[in-house]
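Listed here are the chains, written in short residue letters.
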2 protein chains.
Amino acid sequence: MELKRHIPDLELRAWPDGVGDPKDIEFTLVWNVQPGMYKRFHNLKGILSFGAGVDHILRDPDLPKNIPISRGVSSGMVENMNQYVVHWVLHVHRNFHYYGELQRRSEWKFRRNPHAALRRVGVLGTGILGAAAAEMLTRLGFPVMGWSRTPKSIPGVTSYSGAAGLDDMLSKSDIVVCLLPLTAETTGILNAKTLAELPEGAYVINPGRGAHIIDADMLAALNSGRLGGAVLDTFMQEPLPSTDPYWKHPKVIVTPHCASWNIVSIAAAHQAENIKRVMRGETPRQLVDRTHGY
Amino acid sequence: MELKRHIPDLELRAWPDGVGDPKDIEFTLVWNVQPGMYKRFHNLKGILSFGAGVDHILRDPDLPKNIPISRGVSSGMVENMNQYVVHWVLHVHRNFHYYGELQRRSEWKFRRNPHAALRRVGVLGTGILGAAAAEMLTRLGFPVMGWSRTPKSIPGVTSYSGAAGLDDMLSKSDIVVCLLPLTAETTGILNAKTLAELPEGAYVINPGRGAHIIDADMLAALNSGRLGGAVLDTFMQEPLPSTDPYWKHPKVIVTPHCASWNIVSIAAAHQAENIKRVMRGETPRQLVDRTHGY
């Protein structure tokens, strides 16, 4: 395994069959934690998340209180997410979904879009992933805004924060990209009230978490014509059940939670560095603040 | 018209009905020239192309010999082309065409793509449009190569030139983007021989000109499985006839020559500057070299 290239004397045990005596386990490298798992590990020194989100870890009621939890955003994950966001922003901006329909009818017709300078993009969440995507979008000509809990400074990106900032930014966002962590505060953040604040015909792109969206409200906003469309990568239930109305909705693009992932060789260096830091008594990189939930 | 904001005393006459006495005409601002048009203008000082290509102008046998012809690539056109190229490179790279098919079947399934560092992009033509697109692609993580008649220096982009350079670059291009001018040398440049040089499963993206491709060879390469797919924006005949096999080909994405266009307010400044330069006896920007055909 790639981790051993960085820490040769590391002993790796695979969950669940290879764990052996749970008392031996010092670190868990996890994704999609099953609640109750942490009851059995009494000598943990650290919890490393494979992914960007830690909502799946923090909801375990048996989570040990005093050990560091770190997030797993490596440069490969940033690159993949950048590609996803840039692609789908350009896709809706340039009406490529419409041109796809025309091709199915062998029909040659223009639908000119506004100049990128007139298409405002609002990025919800300006952490590592959101900040990188926001900056890349400015390079493609879009005016970009970013919203986060606390104000941020990203070159070329207008910063909004707090509840008033959210309403303000949404009212100007022709395209909204959700890259928030899933916390108590952000659950259901895209709901009837906030979707109604968007400009007529706005698009929502959600590679965040399914629970950021109140699905009934999203479907209502799509069906009423308020929203131009939505690109959804994450859902309340995954895999998305084959009977879910999103699949066949003409204004919805569904992707199977494929927006971003870590590239193993790059991610291993990040995780190994965090193991070393904790073993030396230092704070790991991308330490989770349990109060804020990310 | 926007031009008059830059040159207030300019007199504009619209082709064909508003031309009046052809002897009065000093400049023509043109797109898709009808052969024979230039026979009637005897006092021309300059020809300004609306678009990036001038192949439509140069094929007029009556074209006056000694007046400057300038191309119409403004920053708005560069931005639009960048968006087109970045979108479709990401689209094929990330298998989004495949995910679209899965959605039509309500099917949740991954098809992981290689890391961008392993997907080599070759850009044919590194003029204003090609150089800008090549540089943007490097920012998204792709190794990018550029081919042109003469060697070019573009930050982060490996330069190839000449006939041997073409074969060399194509043999390493997992995705080829054609942004060449259409000249005697580049007509049919993507043919049975050159398509066979591409790696197995390569993709071709052509926002250049339809005549860059030998269509029968392209269809053969798609049908044999050699090519992964093609994204075509330009065609030998436009609009593409509804009976053309490209429309229904499962590996072809057709867009209706919508890759790029000028944004009027930005383009007007470029054209006005060239009129002023010629009136002052100077060389216009983006002067066409008639020997090389662009």
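Because the structure is predicted, anything quoted here is derived from the model rather than measured.

Rules used throughout
Residues numbered from 1 in each chain as written. Chains lettered and ligands numbered in written order. Predicted model: local features only at pLDDT ≥ 70, side-chain atom pairs only at ≥ 80, totals over all residues. Heavy atoms only, no water. pLDDT = per-residue confidence, 0-100. Pairing = 2+ DSSP bridges. Helix = DSSP H or I, 4+ residues; strand = E, 2+ residues; numbered from the N terminus. Axes fitted to C-alpha atoms, helices over the stretch in contact; angles between N-to-C directions. Parallel < 35°, antiparallel > 145°, perpendicular 65-115°, else oblique. Left-handed = near helix turned anticlockwise from the far one by under 90°. Contact = heavy atoms within 4.5 Å. Nonpolar A, V, L, I, M, F, W, Y, C, P; charged D, E, K, R; others polar. Domains from an automatic or database assignment. Buried area = accessible area lost by both parts, 1.4 Å probe. Salt bridge = Lys/Arg side-chain N within 4 Å of Asp/Glu carboxyl O. Polar contact = N/O pair within 3.5 Å; in protein donor to acceptor, adjacent residues only side chain to side chain.

With respect to the confidence of the model for chain A
Low pLDDT means the predicted coordinates in that region are not meant to be read closely.
Then, in step 1: For chain A, the mean per-residue pLDDT works out to 95, and 100% of the residues sit at or above 70.
Then, in step 2: As a predicted assembly, this complex carries a pTM of 0.95 together with an ipTM value of 0.94.

Description of the sheet that holds strand S2 (residues 46-49) of chain B
Then, in step 1: Here 3 strands make up an open sheet; going across it, the order is S1-S2-S3 (chain B) and the pairing parallel. Here the strands that pair on one side only, and so sit at the sheet edges, are strand S1 (27-30) and strand S3 (69-70) of chain B.

Notes on the packing of helix H3 (residues 75-93) of chain A against helix H5 (residues 128-139) of chain A
Residue and element names in this part refer to chain A.
Then, in step 1: Direction vectors running N to C along H3 and H5 enclose 45 degrees, while the axes themselves pass 9 Å from each other. By the angle between their directions, the pair H3 and H5 is classed as oblique. The way H3 lies across H5 gives a crossing that is right-handed. Of H5, the residues touching H3 (which contributes Met-77, Val-78, Met-81, Asn-82, Val-85, Val-86 and Val-89) are Ile-128, Leu-129, Ala-132, Ala-133, Met-136 and Leu-137.
Then, in step 2: Taken together, the residues that form the contact of H3 with H5 break down as 12 nonpolar, 1 polar and no charged.

Some words on the domain arrangement of chain A
All names here are of chain A.
Then, in step 1: The domain architecture assigned to chain A consists of domain 1 (3-74 + 262-279) and domain 2 (75-254).
Then, in step 2: Between the C-alpha centres of domain 1 and domain 2 the distance comes to 31 Å.
Then, in step 3: In this complex, domain 1 contributes 11 residues to the contact, which on the side of domain 2 involves 9 residues.
Then, in step 4: Of the roughly 850 Å² buried between domain 1 and domain 2 on both sides combined, carbon and sulfur atoms contribute 58%.
Then, in step 5: When the buried area of domain 1 at its contact with domain 2 is split by residue, Asp-55, Val-73 and Ser-74 rank highest and sum to 49% of it.

Considering the interface of chain B and chain A
Then, in step 1: If you look at the interface, chain B gives 53 residues, while chain A gives 53 residues.
Then, in step 2: Of the roughly 4,400 Å² buried where chain B meets chain A, counting both sides, 63% is carbon and sulfur surface.
Then, in step 3: Where chain B packs against chain A, one counts 0 salt bridges.
Then, in step 4: Taken together, the connections running from chain B to chain A amount to 25 residue pairs in polar contact (both at pLDDT 80 or more).
Then, in step 5: No other element matches helix H3 (residues 75-93) of chain B, which puts 10 residues into the side of chain B that touches chain A.
Then, in step 6: Split into classes, the residues belonging to the side of chain B that touches chain A amount to 27 nonpolar, 15 polar and 11 charged.

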